[in-house]
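# Breakdown of the fold
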Amino acid sequence: MKALILSGGTGSRLRPFTHSTAKQLLPVANKPVLAHCLENIRDAGITEAAVIVGTHAAEISQVIGDGSAFGLDLTYLHQEQPRGLAHCVQLAADFLGDDDFVMYLADNVFADGIAQAAKVFAAERADALLLVQPVADPRAYGVAEVGADGRVHRLVEKPAEPASDLAVLGVYFFTSRIHRAVTGLRPSGRGELEITDAIQRLADDGALVRAECYDGYWKDTGKAEDLLDCNRELLGRLTGSDVQGDIDAASTLSGPVVIEPGARVRGSHLVGPLVIAAGSTVTECTVGPYVSVGRDCVLRRSAVADSILLEGAAVDGVPALDHSIIGRWARIGRSTAGHQLLVGDHANAEVAA
């Protein structure tokens, strides 16, 4: 089996962060969402993967390279404009050949992996296996209508009146039969070639299309609150502390705390779960719980909770910052001059360029 990883798109719902960073490279628990994806693919026993990239192609290739760090052999395929998931399958036809493959949307977090689903696909030999999960509001998703035997009868993309609460998640398993189904598709009302239309073709033509309910934690990280939710979930899975950085005797730690080599903590109270990356300094702060501090950040005389700080962010003299995402190299503090930036539900900070 091969993998097709979709890492294009503009990430419009995550602006301003995605003006300079691919949405798939935004971190949860101090690791890019794309890295979590690659690890899940590796853990499913897959070694060959193609990555569909768009405007952030150079940055993505710089971060993940040839895939060897993840035990993968990666091929990059460029999509000039976002034209839909079925178009990505068309672009990757030569790479995929006649092999089975998993198509993985790289802005989705599957915290419990996809190895079990891959085993189900291999055992059942369906032409398509879709991961689904009940959601409170299916109108924002592709929705599957599934029979008692698990067979998918109908798919509808973002229906106004859903007939089911089963959202189609961002991982699909296919045999080579999908290549015929994506040929000759017409763009949908939003101008894209929809993979749901191709899967419906399979079902209409008598192919076996099945749904597998994903019981683990899943989140589409398309919005800031989704990233924060993923951050809480993954940090909450820490089982112990790993302190390799430099911490003075005036600092205290409680709960699972990970501090990478090269980080420095002075006179601070750290409340896990939290992660502090290499090169960061924390001075006279209360940090945590549920905080990811990226590389080379600076925190001084502040209290930060339930937040993600991207690389190089600085927070100085902020008495209560929570439920926030702080962008790369942003400067936040009571004394800094600049423009106001919305970084979270409760943050109202001044940011200097």
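A short tour of the structure in this document, coming up. Only a predicted model underlies this, so the values are computations on that prediction, with no experimental measurement involved. (Residues numbered from 1 in each chain as written. Predicted model: local features only at pLDDT ≥ 70, side-chain atom pairs only at ≥ 80, totals over all residues. Heavy atoms only, no water.)

### A few points about the overall build of the chain
As a reminder, the rule being used: Numbering goes from the N terminus for both helices and strands, where a helix is a DSSP run of H or I of at least four residues and a strand is a run of E of at least two. For the radius of gyration, the atom set is restricted to C-alpha positions; the globular benchmark scales as 2.2 Å times the number of residues to the power 0.38. Only protein chains enter the calculation, and the probe is 1.4 Å; a residue is then buried if its accessible area is under 20% of its type maximum, exposed if over 50%, and partly exposed in between. Only the protein chains shown count as cover for residues, with accessible areas throughout obtained via the Shrake-Rupley method and a probe of 1.4 Å. His is not counted, nor are the chain ends; Lys and Arg add positive charge and Asp and Glu add negative charge. By convention, the point assigned to a charge is CZ for Arg, NZ for Lys, CD for Glu and CG for Asp.
Each helix and strand in the chain was counted, giving 8 helices and 30 strands. For 353 residues, the compact-globule estimate of 2.2 N^0.38 gives 20 Å, and the C-alpha radius of gyration of the chain, at 22 Å, lies within 12% of that figure. Here the chain holds 353 residues, and 52% of them are scored as buried. Accessible area for the chain stands at about 15200 Å²; split by element, carbon and sulfur atoms hold 47% of it. Here the chain contributes 31 positive and 45 negative side-chain charges, whose respective centroids are spaced 2 Å apart.

### Some points on the side chain of Asn108
Stated formally: As used in this structure description, the phrase polar contact means that two N or O atoms lie within 3.5 Å; if the pair is within protein, one of them must be able to donate a hydrogen and the other to accept it, and residues adjacent in sequence are counted only when both atoms belong to side chains.
Counting through the fold element by element, Asn108 comes out in strand S7 (residues 108–110). The class for Asn108 is buried, based on a relative accessible area of 3%. In terms of polar contacts, Asn108 uses its side chain to reach the side chain of Asp107, at 3.0 Å.

### Quick word on the pairing of strand S5 (residues 73–78)
Put simply, the rule reads: DSSP calls a pair of strands paired once it identifies at least 2 bridges connecting them.
The sheet contact formed by strand S4 (residues 48–53) and S5 spans 6 bridges and is parallel. Across the sheet, Ala50 pairs through a bridge with Thr75, a residue of S5.

### Comments concerning helix H5 (residues 115–124)
As a reminder, the rule being used: In this description, the arc belongs to the directions extending from the helix axis to the C-beta atoms. Contacts are assigned to residue pairs that have any heavy atoms within 4.5 Å of one another.
Within the sequence span of H5, burial applies to Ala117, Ala118, Val120 and Phe121. Taken down its axis, H5 places every buried residue within 160° of arc, on the same side. Opposite the buried face of H5, by more than 90 degrees, sit the exposed residues Gln116, Lys119 and Ala123. Turning to H5, the residues buried within the fold contact strand S8 (128–134), strand S11 (166–174) and strand S12 (209–213). Where H5 terminates, the next one or two residues include Arg125, which has phi positive at roughly 55°.

### Remarks on the nonpolar core
Threshold: Here the nonpolar core consists of buried residues drawn from Ala, Val, Leu, Ile, Met, Phe, Trp, Tyr and Cys, with membership extended through side-chain atoms lying within 4.5 Å.
In terms of nonpolar packing, the biggest core is built from 37 residues, with Ile5, Leu34, Leu38, Ile41, Phe110, Val171 and Phe173 touching the most fellow members. Secondary-structure elements contributing two or more residues to this core are strand S1 (2–7), helix H1 (33–43), S4, helix H2 (57–64), strand S6 (101–105), H5, S8 and S11. Those residues in contact with Val171, other than ones at most four positions away along the chain, are Val102, Met103, Tyr104, Phe110, Ile114, Leu129, Leu130 and Leu131. The next biggest cluster of nonpolar side chains, apart from the first, holds 36 residues, and it includes Leu4, Ile178, Val182 and Leu193.

### Let's talk about the pattern of salt bridges
Under the convention used in this document: In what follows, salt bridge is the name for a side-chain nitrogen of Lys or Arg lying within 4 Å of a carboxyl oxygen of Asp or Glu.
Scanning the model with the defined rule gives 24 salt bridges in all. Glu145 is the salt-bridge partner of Arg154, the closest N and O atoms lying 2.8 Å from each other. Glu145 sits in the partly exposed class, given a relative accessible area of 23%. Asp316 is the salt-bridge partner of Arg301, the closest N and O atoms lying 3.1 Å from each other.

### Quick word on the packing of aromatic side chains
Quick note on the threshold: Any Phe, Tyr or Trp ring, taking Trp's six-membered ring, that has another such ring centre within 6.5 Å forms a pair; planes under 30 degrees apart are called stacked, those over 60 apart edge-to-face, and the others tilted. Here, over-ring charges are defined by two tests on the NZ atom of lysine or the CZ atom of arginine: distance to the ring centre within 6 Å, and angle to the ring normal within 35 degrees.
For the coordinates displayed, the defined rule picks out 6 aromatic pairs. Judged by centre distance (5.7 Å) and plane angle (75°), the ring pair of Tyr104 and Phe110 falls under edge-to-face. Considered together, Tyr104 and Phe110 belong to a single accessibility category, that of buried residues. Members of the aromatic cluster, connected to one another through ring pairs, are Phe101, Tyr172 and Phe174. When the ring centre of Phe121 is taken as reference, the NZ or CZ atom of Arg125 above it lies at 5.7 Å.

### Digging into the state of the cysteines
Under the convention used in this document: By convention in this document, the label disulfide applies to cysteine sulfur atom pairs within 2.5 Å.
All told, the structure shown has 0 disulfides when counted by the stated rule. Free of any disulfide, Cys37 has its nearest cysteine sulfur in Cys230, 13 Å distant. Take Cys37: its relative accessible area is 0%, and that puts it in the buried class.

Limitation: the analysis is restricted to geometry and does not speak to function.
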